[in-house]
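Secondary and tertiary structure notes
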Amino acid sequence: TIEYKPTFVEARITALGKVYDNKYIKIQADNCILDNENVDDNIYIIIYGNEKQFKSLEIGSKISFETNNFNKNDLFYNKTPNSKLFSNDLKYTAIVQFDDISFKDIDRTFAESVRDNVKERLNLSLTKDNAELAYSALFGDKTLLDEEHETAFRLSGVAHLLAVSGLHVGIIVMALQFILKPIKHKKWLSFSIIAAILMFYMYCTLK
């Protein structure tokens with residue numbers, strides 16, 4: 001049930017979606033605090049404003065705002081539009097105007113910094129759509145995909161490409177084995193390097 005009483009929200013941005021019609025953006029945040037009570041859950045927030053304002057949103061930014069449009073229901077079990085683009089463990093939803101948001105400091109994890117750096121490099125090297133697809137495939141993060149693209153992947157039977165799986169691990173291992181061919185006789189060293197890189201990749205894909 002939507003609560004129309006004022007609710008004070010504090011959270012840390014963990015994912016930024018696409019900007020829709022230069023009017024709103026959908027984001028995901030964690031470390032949620034509601035009315036000064038630490039609930040430590042994830043929240044889905046729709047922010048209304050314009051693209052220029054949205055550029056100031058950063059992964060790791062701590063934000064706070066008061067809203068009358070707050071929902072404790074699990075939106076993502078009701079198969080609403082774009083529900084599959086974010087994590088399925090979002091416990092709350094809120095709608096707010098950008099001008100009503102207060103920004104605090106940035107608290108970004110190392111994994112978030114790595115993913116953000118990769119995203120920037122992809123945007124510099126590829127077209128916008130291709131960069132978004134490549135990023136989604138690399139990290140299993142579908143927040144930048146349109147519902148149309150996500151549906152197309154699902155209907156074509158290749159949705160597994162958008163989720164980190166054994167396929168990703170297999171490709172990485174094959175690439176590393178090729179690169180480490182000169183030291184293939186030192187199996188322990190080759191194994192250690194591959195294992196370390198896979199552990200790092202796994203860490204970077206954690207949300």
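What comes next concerns the included structure. Just so we're clear, the structure is a prediction, and the values are computed from it rather than from any experiment. Residue indices follow the written sequence of each chain, beginning from 1 at its first position. Only residues with pLDDT of at least 70 are given local features in this predicted model, and only at 80 or more are side-chain atom pairs given and counted; all residues enter the totals for whole chains, interfaces and linings. No hydrogens and no water enter the side-chain calculation; it runs on all heavy atoms of the structure.

Quick word on unusual backbone geometry
Within the chain, Asp35 stands out as a residue other than glycine whose phi angle is a positive 50°. With relative accessibility at 38%, the residue Asp35 sits in the partly exposed group. A positive phi is found at Asp40, a non-glycine position, where the angle reads about 50°. Helix numbering and strand numbering both begin at the N terminus, where a helix is a DSSP run of H or I of at least 4 residues and a strand a DSSP run of E of at least 2. Take Asp40: it is sitting in the loop between β4 (37–38) and β5 (42–48). Exposure is judged per residue with a 1.4 Å probe applied to protein chains only, and the accessible area is read against the type maximum: over 50% gives exposed, under 20% gives buried, and values in between give partly exposed.

Some words on the packing of helix α5 (residues 166–179) against helix α6 (residues 187–205)
Angular values range over 0 to 180 degrees, each being the angle between N-to-C directions of two axes fitted as lines to C-alpha atoms, with helices fitted over their stretch in contact. For the pair α5 and α6, the least separation of the axes is 11 Å and the interaxial angle reads 145°. Here the hand of the crossing between α5 and α6 comes out right-handed. Counting all contacts with α5, which are made through His168, Val169, Ile172, Val173, Leu176 and Gln177, the residues of α6 involved are Ile194, Ile197, Leu198 and Tyr201. As a working rule, the residues Ala, Val, Leu, Ile, Met, Phe, Trp, Tyr, Cys and Pro are called nonpolar, Asp, Glu, Lys and Arg charged, and the rest polar, with Gly in that last group. Partitioned by chemical class, the residues of the contact of α5 with α6 number 8 nonpolar, 2 polar and no charged. Handedness of a helix crossing follows the sense of rotation of the near helix relative to the far helix, less than a right angle counterclockwise being left-handed and clockwise being right-handed. Throughout, a contact is declared for two residues whenever any of their heavy atoms are within 4.5 Å.

Observations concerning α5
Every α-helix carries 3.6 residues per turn, so stepping three or four residues along brings you back to the same face. Taking 1.5 Å of rise per residue, the 14 residues of α5 would be expected to cover 20 Å, and the 20 Å separating its terminal C-alpha atoms lies within 8% of that figure. All buried positions along α5 are accounted for by His168, Val173 and Leu176. Seen end-on, α5 carries its buried residues on one side only, within an arc spanning 130°. Opposite the buried face of α5, at more than 90 degrees from it, the exposed residues are Gly166, Ile171, Met174 and Phe178. On its buried side, α5 packs onto α3 (128–139) and α6. By this rule, a helix spans an expected 1.5 Å times one less than how many residues it contains. Throughout, the arc means the angular range of directions from the helix axis out to the C-beta atoms.

Considering the pattern of salt bridges
Every case where a carboxyl oxygen of Asp or Glu lies within 4 Å of a side-chain nitrogen of Lys or Arg is listed as a salt bridge. Going through the model one piece at a time under the given rule, you end up with 7 salt bridges. Salt-bridge contacts for Arg108 lead to Glu58; the nearest nitrogen and oxygen are separated by 3.0 Å. With Arg108 in the loop between β9 (102–106) and α2 (110–125) and Glu58 in the loop between α1 (51–54) and β6 (61–67), this pair connects stretches of sequence that are 50 residues apart. Residue class for Glu58 comes out partly exposed when judged on its relative accessible area of 35%. A salt bridge links Lys128 to Glu132; the shortest N-O distance between them is 2.9 Å. With Lys128 and Glu132 both in helix α3, this residue pair falls 4 residues apart, about one helical turn. The buried category is assigned to Glu132, whose relative accessible area is 6%. Residues participating in the shared-partner salt-bridge network are Arg12, Asp30 and Glu112.

Considerations on the nonpolar core
In this structure, Ile27, Ile43, Ile45, Ile47, Leu57 and Phe65 are the most contacted members of the largest nonpolar core, which totals 23 residues. Broken down by element, the residue count for this core peaks at 5 residues, all from strand β3 (residues 24–34). Apart from residues no more than four positions distant in its own chain, Ile43 is found in contact with Val9, Ala11, Ile27, Gln28, Ala29, Cys32, Phe70, Leu90, Tyr92, Thr93 and Ala94. The definition of a nonpolar core used throughout is a set of buried Ala, Val, Leu, Ile, Met, Phe, Trp, Tyr and Cys residues joined through side-chain atoms within 4.5 Å. By size, the runner-up hydrophobic cluster in this structure holds 7 residues, among which are Leu122, Ala131, Tyr135 and Phe139.

Focus on a nonpolar patch on the surface
Surface patches are defined over residues having more than 30% relative accessible area and no salt bridge, joining like charges when they lie within 9 Å and nonpolar side chains (Val, Leu, Ile, Met, Phe, Trp, Tyr) when within 5 Å. Exposure was quantified through the Shrake-Rupley algorithm and a 1.4 Å probe, taking into account, for residues, occlusion by the shown protein chains and nothing else. On the surface, a nonpolar cluster with roughly 410 Å² of combined accessible area is contributed by Phe110, Phe200, Tyr203 and Leu206. The residue Tyr203 is located in helix α6 in this model.

Details of the packing of aromatic side chains
How two aromatic rings sit relative to each other is given by the distance of their centres and the angle of their planes. Only centres within 6.5 Å qualify two rings of Phe, Tyr or Trp (six-membered ring in Trp) as a pair; their planes then separate them into stacked at under 30 degrees, edge-to-face at over 60, and tilted for everything else. Tallied over the full model, the rule gives 8 aromatic pairs. Look at Tyr24 and Tyr48: their rings are 5.3 Å apart centre to centre, the planes differ by 40°, and that puts the pair in the tilted class. With Tyr24 in strand β3 and Tyr48 in strand β5, this pair connects stretches of sequence that are 24 residues apart. Here Tyr48 falls in the partly exposed class, since its relative accessible area comes to 32%. When the centroid spacing of 5.2 Å and the interplanar angle of 55° are considered together, the rings of Tyr135 and Phe139 count as tilted.

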